[in-house]
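Take a look at the letters that make up each chain.
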Amino acid sequence: MDNYSFQLYSKILKLFWRVFLIILGIAVLIVIFPYVRSVVAMFVIALLLAVLLNPVVDFMESKGFNRGLAILITMMLILGVIVFSVSLVIPGIINAVESLTSKLQSDVITDLNKKVEEFFAVNFNNAELARNVTSKVNEIGLKLLSNMAEFFKSVGSILASVAIVPFITFFLIKDIRRFKRSIIAKIPNKYFELSLNIFQKVGKQVGKYIQGQATDAFIVGCLTVIGLFIINLVFDNPVSQFVFIGMIAGVANLIPYLGPVVGAVPALFIAIISNPANLGIVLIWIVITFVLVQIIDNSIVSPMVVSKSVDMHPLTVVIVVIIGGNIAGAIGMLFAVPVTGIIKVTSKEVIWGLKNYKLK
Amino acid sequence: MKNPIWAVVEFRKSRTKDDIFNVLKNVPIFSDLSKKELDEVEKIIHRREFKKGEPIFRMGDPGLGMYIIINGAVNIVEENENGESTTLAVLKDGAFFGDLALLDEAPRSASGIADDNCDILGFFRPDFMDLLYRKPKLGIKILIALSKIIGERLRRTNEQLTQLQKK
């Protein structure tokens, strides 16, 4: 075997081993994933919390607090707020869902059904079709509400199972720099500066993006709560559980373009179910409230707090939200845009690094 | 009595840390720092080993931070458009280079190539900026020391320029 053939042979062998090891690694990951799924989920939640709380801890550290103490104070405050909100909101929601379930079976819906049947009988001369439609809608509504009640009842057990998240979050915030350093230490010299630079830039941009989105969601939630509170004051409480609806609107706002519509549905739904005397006007005011919140968000809040580095075309948003939904349902839809944003920022920085660093 | 196994581990650990402290203490930008402050710096520096001939950074790469040689030697090399290289300096134990990159991302003006097997510490801009925010007193101390070094270099450059103009 001549020298050239030998070199070629050794290169092919190396390549073969690399591909083999990558395939083996992916296979191992697929096999072990079901067993470590809950740990991965806890770690992801803890990482998100760490990214959100880190700026507060850094700020306290800059004011002279010991880092460990700063983390403890921040986490205690956040935990207090969460426990307080949950204890305030959850029992009310369970009551509301249960009362809505009974309402759906009682007078309001019966009246509504009668009206729909009359409408179909007069206009299409087909009362049977109307009965089918209304019974199907009722069935879906009841199923949805009973599932919701079950979901909120199981929140307690979920909370207990994720009690470990604060511990992971604490150590992630405390030792984040040590973790970064130990990851970077494994990178070969040739790619060291490139990797360190990309790692820092991506970390910074992703952090900013997540913090911006969380702040935006919080502000949209608060604005919605204020709007619905005013409607409740003026029209004699047509929208019960407006704090919870505000929270949904804030979270749904994470999905651009589609989120605001999704956020308005529960408010409209609850108003229709509680069937106040001036339902039409209440519905119009709810729509106006959500439109106003969106105008304030798009023109003032969002430009100030959300990073522009992950701007996406509306079509891209719709496509990734559909793909996210297909992969992991509602959670997938919620995380589709942030995950795409992270991938976009990472690829941008990697391309920048590969263009600017001489790796030969 | 201490367990001899752990005693050895602790001895090794403290010796490595003391080595780094001694090296850092002799670098002008860290020379005014207390032991506690050096401990904070030690948490964010990266220790790397380079083999002889291996590039530490290349001319034209975006600047990321400074390096301090614990032991070994580094050639600072300038390359022209034809690929020919000129050695500007050979730096040895305790020397530092690339400190201007602590301030901005301007491209490296020369390459740093290991002239021997090297043990090197890296102190990088993103970590420095982060330190400046979290520990402003410590960050400002480093920043002032860095400004003094850059000021001194500017003064010398001015003197040389004046001498050249006189000729």
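Residues numbered from 1 in each chain as written. Chains lettered and ligands numbered in written order. Predicted model: local features only at pLDDT ≥ 70, side-chain atom pairs only at ≥ 80, totals over all residues. Heavy atoms only, no water.

## Structural notes on the sheet that holds strand S5 (residues 85-91) of chain B
All names here are of chain B. Test applied: By the convention used here, strands pair only if DSSP detects at least 2 bridges between them. Strands are runs of DSSP state E lasting at least 2 residues, helices are runs of H or I lasting at least 4, and numbering of each runs from the N terminus. Between N-to-C directions, angles span 0 to 180 degrees; the directions come from axes that are lines fitted to C-alpha atoms, helices contributing only their stretch in contact.
Taking strand neighbours across the sheet as the criterion, the 4 strands line up as S2-S7-S4-S5 in an open arrangement whose pairing is antiparallel. Every other strand in the sheet has two partners, leaving strand S2 (55-57) and S5 as the edge strands with one partner each. The average undirected angle you get between the axes of adjacent strands in this sheet is 30 degrees. Note that S2 and strand S7 (residues 111-114) share 2 bridges and pair antiparallel. The residue bridging proline 55 from the neighbouring strand is isoleucine 113, located in S7.

## With respect to the nonpolar core
Residues and elements named next belong to chain B. Keep this limit in mind: Nine residue types can take part in a nonpolar core, namely buried Ala, Val, Leu, Ile, Met, Phe, Trp, Tyr and Cys, and a core is a set of them joined through side-chain atoms within 4.5 Å. To sort residues, take the accessible area from a 1.4 Å probe on protein chains only and compare it with the maximum for the residue type: under 20% means buried, over 50% means exposed, and anything in between is partly exposed. For this analysis, residues touch if any pair of their heavy atoms sits within 4.5 Å.
One finds Leu24, Ile29, Phe30, Phe123 and Ile142 to be the most contacted residues of the largest nonpolar core, which totals 25 residues. Going through the elements one at a time, helix H1 (4-25), helix H2 (35-44), strand S3 (65-71), strand S8 (118-124), helix H3 (125-134) and helix H4 (136-166) are the ones with two or more residues in this core. Sort the elements by how many residues they give to this core and H4 lands first, with 5 residues. Apart from residues no more than four positions distant in its own chain, isoleucine 29 is found in contact with Met66, Leu102, Phe123, Ile142, Ala145, Leu146 and Ile149.

## Structural notes on the side chain of arginine 67 of chain A
What counts here: Under this definition, polar contacts are N or O atom pairs within 3.5 Å; protein pairs additionally need one hydrogen-donor-capable and one acceptor-capable atom, and for neighbouring residues in sequence, both atoms have to be side-chain atoms.
Within the secondary structure, arginine 67 of chain A sits in helix H2 (residues 67-105). Among the polar contacts listed, one links the side chain of arginine 67 of chain A to the backbone oxygen of isoleucine 173 of chain A, at a separation of 3.1 Å. Residues contacting arginine 67 of chain A, with those up to four places away along its chain left out, are Asn54, Val57, Asp58, Glu61, Ile173, Lys174, Ile176 and Arg177 of chain A together with Arg134 of chain B.

## Let's talk about the sheet that holds strand S1 (residues 46-50) of chain B
All names here are of chain B. With respect to topology, 4 strands assemble into an open sheet ordered S1-S8-S3-S6, the strand pairing being antiparallel. Two strands in the sheet have a free side with no partner beyond their single neighbour: S1 and strand S6 (96-97). Where S1 lies against S8, 5 bridges are found, and the strand directions are antiparallel. Each residue of the ladder has a partner; that of arginine 47, found in S8, is leucine 121. In the packing of H3 onto the sheet, contacts are made with S1, S3 and S8, and the angle to S8 comes to roughly 50 degrees.

## Quick look at the confidence of the model for chain B
The condition that has to hold: pLDDT runs from 0 to 100 and stands for how confident the predictor is about each residue.
Per-residue confidence for chain B gives a mean pLDDT of 85, with 89% of residues at or over 70. Low pLDDT, under 50, characterises residues 1-15 of chain B; the stretch is placed with 1 contact to residues that sit more than four places away or in other chains.

## Some words on helix H10 (residues 259-274) of chain A
Residues and elements named next belong to chain A. Under the convention used in this document: Here, expected helix span is obtained from the residue count minus one, scaled by 1.5 Å.
Between the first and last C-alpha of H10 there are 24 Å, a value that for 16 residues agrees with the 22 Å anticipated at 1.5 Å per step. For H10, the full list of buried residues reads Gly259, Pro260, Gly263, Ala264, Ala267, Ile270, Ala271 and Ile273. Remark: asparagine 275 follows H10 within two positions and exhibits a positive phi of approximately 45 degrees.

## A look at the interface of chain A and chain B
Put simply, the rule is: Buried area: the accessible surface (1.4 Å probe) lost by two parts on joining, summed over both. Put simply, a salt bridge is a Lys or Arg side-chain nitrogen that is within 4 Å of an Asp or Glu carboxyl oxygen. As a working rule, the residues Ala, Val, Leu, Ile, Met, Phe, Trp, Tyr, Cys and Pro are called nonpolar, Asp, Glu, Lys and Arg charged, and the rest polar, with Gly in that last group.
Counting residues at the interface gives 23 residues for chain A and 27 residues for chain B. For the chain A and chain B pair, buried surface summed over both sides reaches about 2200 Å², with 45% attributable to carbon and sulfur atoms. For the pair chain A and chain B, the number of links is 5 salt bridges. Residues arginine 177 of chain A and aspartate 130 of chain B are paired through a salt bridge, measuring 2.6 Å at the closest nitrogen-oxygen approach. For the interface between chain A and chain B, the tally reads 17 residue pairs in polar contact (both at pLDDT 80 or more). Residue assignment for the side of chain A that touches chain B shows that the elements contributing at least two residues are helix H1 (3-62), helix H7 (176-185), helix H8 (189-235) and helix H12 (314-356) of chain A. The element contributing the most residues to the side of chain A that touches chain B is H8 of chain A, with 7 residues. Looking at the side of chain A that touches chain B residue by residue, the classes come out as 9 nonpolar, 5 polar and 9 charged.

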